[in-house]
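Examining the three-dimensional arrangement
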Amino acid sequence: MKRFVLIFILLSACMMGFAQGCLDPVLSQEMNRRSDDERIEVVVLMKAQYDRSQLSRRADFIPTKAERRAFVVNELKAFAEASQHDLKRTLAEMESHGLVSSVRSLWSANTLYFEATKTALLDLSERTDIETISLNTQHQWIPEGETPKPASATREITQNITQVNADKVWELGYTGAGVLVSVVDSGVNYNHLDLADHLWDGGEEFPHHGYDIVNDDNDPMDDKGHGTHCAGTVLGDGTAGSLTGMAPEATLMCVKSIKADGFGGAVNIAGGMEWSVEHGCDLISMSLGMVNAGIADKEILRRTCESILDAGIIALVCAGNEGAFQFYAPIPNNVRVPASCPPPYLDPDQMANPGPLSCVVAVGAVNYNDAAADFTSQGPVTWQDTEFGDYAYNPGIGLIRPDVCAPGVGIKSLDYENTSGYTNMDGTSQATPCVAGIVALMLQKNPELTPAEICRILEETSVKLTPTKSNVTGVGRVDALAAVNAVPAWDGVKETALNANLFPNPTRDNFTIQCEGMKQVEIYSIDGRLVQSLSVNGSECLIEGLDCGIYMVRIETDEGSVVRKMVKM
């Protein structure tokens, strides 16, 4: 009898499916529905992760953003290659027997994508170096409701530009020139007259000014219209009639990460972000998001956004359009992923429930009266149910989302179906490139701004719509003029010519600055917050009250400013 019961239990377990090892339950259910020789698209998250604190400590001593980016990308690539080495050998063997195909690796999340049979997946599920194997689920990435409406090509500066005072920034001489913006979306009609003369030069390898992650080719032509409209709000220069771009002289990098129907997987979005960083973008504008994302997809995108931050790059991401659909995506799942990832700077209102950071500035939408759009998605969000286990909600305030808001109702921008047309659209997708364009203006003034500094300035200079940071409109509606005016001027020649030394460094209680003509000394935490400001009466700086860690010391002189790193032991 006992033997019969044991056999019955084993048979029942087999009938229930493949929930074993590191297989995600959703993948196990999918395996039950598939035939033995059918391949399934999967994503593997490796167990090994680079120690972010160690990576940051090493990267913080690198003098320029470009050098930091190269260092972090190379370190994470090498780490992923080493940790995936044995698994890749196994996959190559499986591929030779027809069990696996289309293997692709992502360094930003230490992740692999491939197609595999059930036999291969069962074998892989027993490995100890894999965290999870999950189904590469296809989601609708473009928020619903963003339907184009025709608009005429009149000679004008669009209303969203004047609402955020971007046109007044141009009068100061800042138009985004020299700043490379990657628009990760449905692609871009790079032939549109308002874009054609300020596109990224990808050389012979990338003749169409970017890359198509979906089809793995070098032609990111838009086949949906969403990406072209967003690109126009970042940097459309008005050649065809209407000036729609916040930064009309910025340079555009086109990255296609979703299909013509708006669907795609998390690996394509992560791939688009890391490709942009590898090829030199200064910021990412991404009007995409996954609603009701699964745990594996959330973890892939959070890992990616943390790596992008470590590389020194900021991403502007739409919160989503599900604010009025709480029955479908209730709080704390109303904000789409990856806008639900943490920001690069924690607002004081968030300090009641702090946590680690990522590259994401989440953007909500308002109308032309600065009232919250009825569709804009609402926070807070939480990560307590993932491998990160942070930003607890109920009990806990969760993570406040969005960070800021921008005009997102009745936004006129470029039509992808021709080279001179315009359309109107509503959505947080339209608000996001507005903020991206403002960031381009800020980076023209000071290209060495960190993501934390950018986020802090955007928040501190926004038009306040609520007394504290809100889970509907964030800190408030962005103001381009106030933000650019708050950016400290940067002069590369003066900065490098100034001679300033700190000693002892590292130090415990005080340090001495050796620099001629000092007027003011400011000490910033590594996340960009001003923690101490000193009027200089001598050369000694007392820092007994500061916690141990790495700080940035900004020294103002008669000849300009210089920044040095200081380590408090």
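Residues numbered from 1 in each chain as written. Predicted model: local features only at pLDDT ≥ 70, side-chain atom pairs only at ≥ 80, totals over all residues. Heavy atoms only, no water.

A few words now on the environment of Arg508. Summarising the element assignment, Arg508 is placed in the loop between strand S21 (501-503) and strand S22 (510-514). Those residues in contact with Arg508, other than ones at most four positions away along the chain, are Ile543, Lys568 and Met569. (Helix = DSSP H or I, 4+ residues; strand = E, 2+ residues; numbered from the N terminus. Contact = heavy atoms within 4.5 Å.)

Note: strand S2 (residues 100-106) against strand S3 (residues 111-116), five bridges, orientation antiparallel. Note that in S3 the partner of Val100 across the bridge is Ala116. Between S2 and S3, which pair antiparallel in sequence order, lie four residues; one of them, Asn110, sits at a positive phi of approximately 50 degrees. (Pairing = 2+ DSSP bridges.)

This brings us to the packing of helix H3 (residues 52-59) against helix H4 (residues 65-96). Running from amino to carboxyl end, H3 crosses H4 at an angle of 145 degrees, the nearest separation of the two axes being 10 Å. As for the relative orientation of H3 and H4, their crossing is right-handed in sense. Of the residues in H4, those in contact with Leu55, Ser56, Arg58 and Ala59 of H3 are Arg68, Phe71, Val72, Glu75 and Leu76. Grouping the constituent residues of the contact of H3 with H4 by class yields five nonpolar, one polar and three charged. (Axes fitted to C-alpha atoms, helices over the stretch in contact; angles between N-to-C directions. Left-handed = near helix turned anticlockwise from the far one by under 90°. Nonpolar A, V, L, I, M, F, W, Y, C, P; charged D, E, K, R; others polar.)

Below, the discussion takes up helix H10 (residues 295-310). Counted at 1.5 Å a residue, the expected span for H10 with its 16 residues is 22 Å, and the 23 Å between its end C-alpha atoms agrees. Burial runs high along H10: 15 of the 16 residues are buried. Where H10 terminates, the next one or two residues include Gly312, which has phi positive at roughly 90 degrees. (Expected span 1.5 Å × (residues − 1). Buried < 20%, exposed > 50% of the residue type's maximum accessible area, 1.4 Å probe, protein only.)

Take the nonpolar core next. Met273, Trp275, Val277, Ile284, Met286, Leu288 and Cys359 are the most contacted members of the largest nonpolar core, which has 63 residues in total. Per-element tally for this core: the top contributor is helix H9 (residues 266-278), with seven residues. Discounting residues that sit within four places of it in the chain, Leu288 has contacts with Trp141, Ile142, Val184, Asp185, Ile258, Ile269, Val317, Cys318 and Pro338. In terms of nonpolar packing, the next biggest core, distinct from the first, is built from 56 residues, Val179, Ala247, Ala452 and Cys455 among them. (Core = buried A, V, L, I, M, F, W, Y, C linked by side-chain atoms within 4.5 Å.)

A few words on the packing of aromatic side chains. Applying the stated rule across the entire model yields eight aromatic pairs. Geometrically, the ring pair formed by Tyr211 and Trp275 is stacked, given 5.6 Å between the ring centres and 20 degrees between the ring planes. Here Tyr211, found in strand S9 (residues 210-212), pairs with Trp275, found in helix H9; they are 64 residues apart in sequence, far enough to count as distant. Pair check on accessibility: Tyr211 and Trp275 agree, each one buried. Between the aromatic rings of Trp383 and Phe388, the centroid separation amounts to 5.9 Å while the plane-to-plane angle is 90 degrees, which identifies the pairing as edge-to-face. Phe388 sits in the buried class, given a relative accessible area of 19%. Taken together through their ring pairs, the aromatic side chains of Trp200, Phe206, Tyr211 and Trp275 make up a single cluster. The ring of Trp383 is capped by Arg302, whose NZ or CZ atom sits 5.0 Å from the centre of that ring. Across the ring face of Tyr422, the terminal group of Lys412 is positioned such that the distance to the ring centre comes to 5.4 Å. (Phe/Tyr/Trp six-rings, centres within 6.5 Å; stacked < 30°, edge-to-face > 60°. Lys NZ or Arg CZ within 6 Å of the ring centre and 35° of its normal.)

Here we come to the packing of helix H11 (residues 428-445) against helix H12 (residues 451-461). For the pair H11 and H12, the least separation of the axes is 11 Å and the interaxial angle reads 115 degrees. As judged from the angle between their axes, H11 and H12 are roughly perpendicular. By crossing handedness, the relation of H11 to H12 is classed as right-handed. On H12, the residues touching Val435, Ile438, Val439, Met442 and Leu443 of H11 are Ile454, Ile457 and Leu458. Among the residues making up the contact of H11 with H12, the classes are represented as eight nonpolar, no polar and no charged. (Parallel < 35°, antiparallel > 145°, perpendicular 65-115°, else oblique.)

The end-to-end C-alpha distance of H11 is 26 Å, a good match for the 26 Å that 18 residues give at a rise of 1.5 Å each. Along H11, 17 of the 18 residues are buried, which leaves the element largely enclosed by surrounding structure.

Below, the discussion takes up the sheet that holds S21. Taken together, three strands build an open sheet; the order of strands is S21-S22-S25 and the sheet is antiparallel. Each edge of the open sheet carries a strand with a single partner, namely S21 and strand S25 (540-542). Averaged over all neighbouring strand pairs, the angle between strand axes comes to 30 degrees, with direction disregarded. For S21 and S22, the ladder comprises three bridges, and the chain directions are antiparallel. Looking at the pairing, Phe503 lines up with Thr512 of S22.

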